[in-house]
Amino acid sequence: MNHYLKQYATKFYGAQSPDYLRQKLLVYGIARLSGSIPVGLQNMLLDSILVRPIRSLLYRNFCGGESLDDVRSVAKVYSTHGIGSIIDYAAESLEPNGKTFKVDDILPNTWKDDGESVFSLKLSSIFSFNRLRRLNALYSEQLRSKKSVLALMEEIECLNKYIEIDEYLKSINGRYKITIDAESSDIQTAISAICIELMKSHNRHRVSIFNTYQAYLKNSMQTLQLDFETSKKESFIFAAKIVRGAYLKYEEALQSNVVYKNIEETHENYDAIIEYLAMHSSREDRIIIATHNEQSICKSLDLQEKFSKSLTFAQLHGMRDYLTYFLAENGYKVLKYIPYGPEALT
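The sections below set out a description of the structure shown in this document. Per chain, the residues get numbers from 1 upward, laid out in the order the sequence is written. Per-residue local features are limited, in this predicted model, to residues with pLDDT of at least 70; the limit for side-chain atom pairs, both in listing and counting, is 80 or more; totals at the level of whole chains, interfaces and linings are taken over all residues. Calculated side-chain values reflect all of the structure's heavy atoms, with hydrogen atoms and water omitted.

## A look at the overall build of the protein
In this text, helices come from DSSP runs of H or I with a minimum length of four residues, and strands from runs of E with a minimum of two, each type numbered from the N-terminal end. Of regular secondary structure, the protein possesses 15 helices and 8 strands. When accessible area is computed with a 1.4 Å probe and restricted to protein chains, residues below 20% of their type maximum are described as buried, those above 50% as exposed, and intermediate ones as partly exposed. Residues counted as buried form 50% of the 346 residues belonging to the protein. Taking as baseline every contact in the protein between residues at least 6 positions apart, the subset at least 24 positions apart corresponds to 77%. A total accessible area of about 17,200 Å² is found for the protein, and carbon and sulfur atoms account for 52% of it. For this analysis, residues touch if any pair of their heavy atoms sits within 4.5 Å. What sets the accessible areas is the Shrake-Rupley method with a 1.4 Å probe; for residues, cover comes only from the shown protein chains.

## Some points on the nonpolar core
One finds F127, I178, I194 and I242 to be the most contacted residues of the largest nonpolar core, which totals 93 residues. A per-element tally of this core places helix α10 (residues 185–202) first, with 9 residues. For I178, the residues in contact, after removing those within four places along its chain, are L107, V118, F119, L121, Y168, L169, I172, S208, I209 and F210. Nonpolar cores are built from buried Ala, Val, Leu, Ile, Met, Phe, Trp, Tyr and Cys residues. Side-chain atoms within 4.5 Å join them into one set.

## Concerning the sheet that holds strand β7 (residues 312–316)
The criterion for strand pairing is that DSSP finds at least two bridges linking the strands in question. Sheet architecture is closed into a barrel: 8 strands sit in the order β1-β2-β3-β4-β5-β6-β7-β8, paired in parallel fashion. With direction set aside, neighbouring strand axes in the sheet form an average angle of 25°. Summarising the sheet, strand β3 (residues 177–180) and strand β4 (residues 209–214) pair through 2 bridges and their orientation is parallel. Directly across from I178, in β4, lies its bridge partner I209. Geometry is summarised by axes, namely lines fitted to C-alpha atoms with helices restricted to the contacting stretch, and by angles between N-to-C directions that run from 0 to 180 degrees.

Now the structure itself:
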């Protein structure tokens, strides 16, 4: 399969315009360079007037625009190639007093396009970060006594936020799906618990909510297995998006020791999670394999055939486009993850 992917990549990029290729080379060069620059210096550079053209280039490459209308145009182009979309308003907070939003500010009340659309929601954009962090600590402490996350939310006066999401899901009545994004480990236990509660209500007869699992977390396999077993015991449909993880620098700053020490361990865990789900999931469960890693994709395709399961793949808008189009052209389910929002904030 790797051989066919490489052949397809050569064919795909050979058919692209010189402008497309120049933009990709610039973007990937910038991305490689930024990996060697300390975070503090990166933030200073992004505020520099000299770097604004670079920031604008990255925005155009990875983001779908400033509004839902902009994203709709991008999603329609993908849908003509049999590619769905995961649409994400790029709003989250890692700050104790960061801005929060109402659900209706981030998720649409109406949406129609020609392909499958999934909307992404970061709970730190709805709940205050401080309350999520407090809920995370309380829920971790209360696991032994089995006190529900709903009861704890009521105690710390944020149950209204849960009700807001619950009411929104009732109002859209399954017309499109929502994936709850994974975030940093100091709030992730709370996020996952909230997501499972929403699944119990809204994934009874169809998939409305996906949880997200980060394979770079040492406890991710155990957490996923427990949630999967809960779905079978309590008769709701399990739906999961599997990612490697995007908060590595933040986790290092926390010195939390919850993340694998090297990328090889993360790769191994990621593939083990996919194998577990391919083996044990039912036909109605939904699994999104979010990766740009060729080996993981090839292994997943082999598992899909071996266990006769239907898996869905996802890649970021503007990144590894040849993988997305290869999967779509060969009849596999695939989505493009499209962030959007004001350029100055996204």
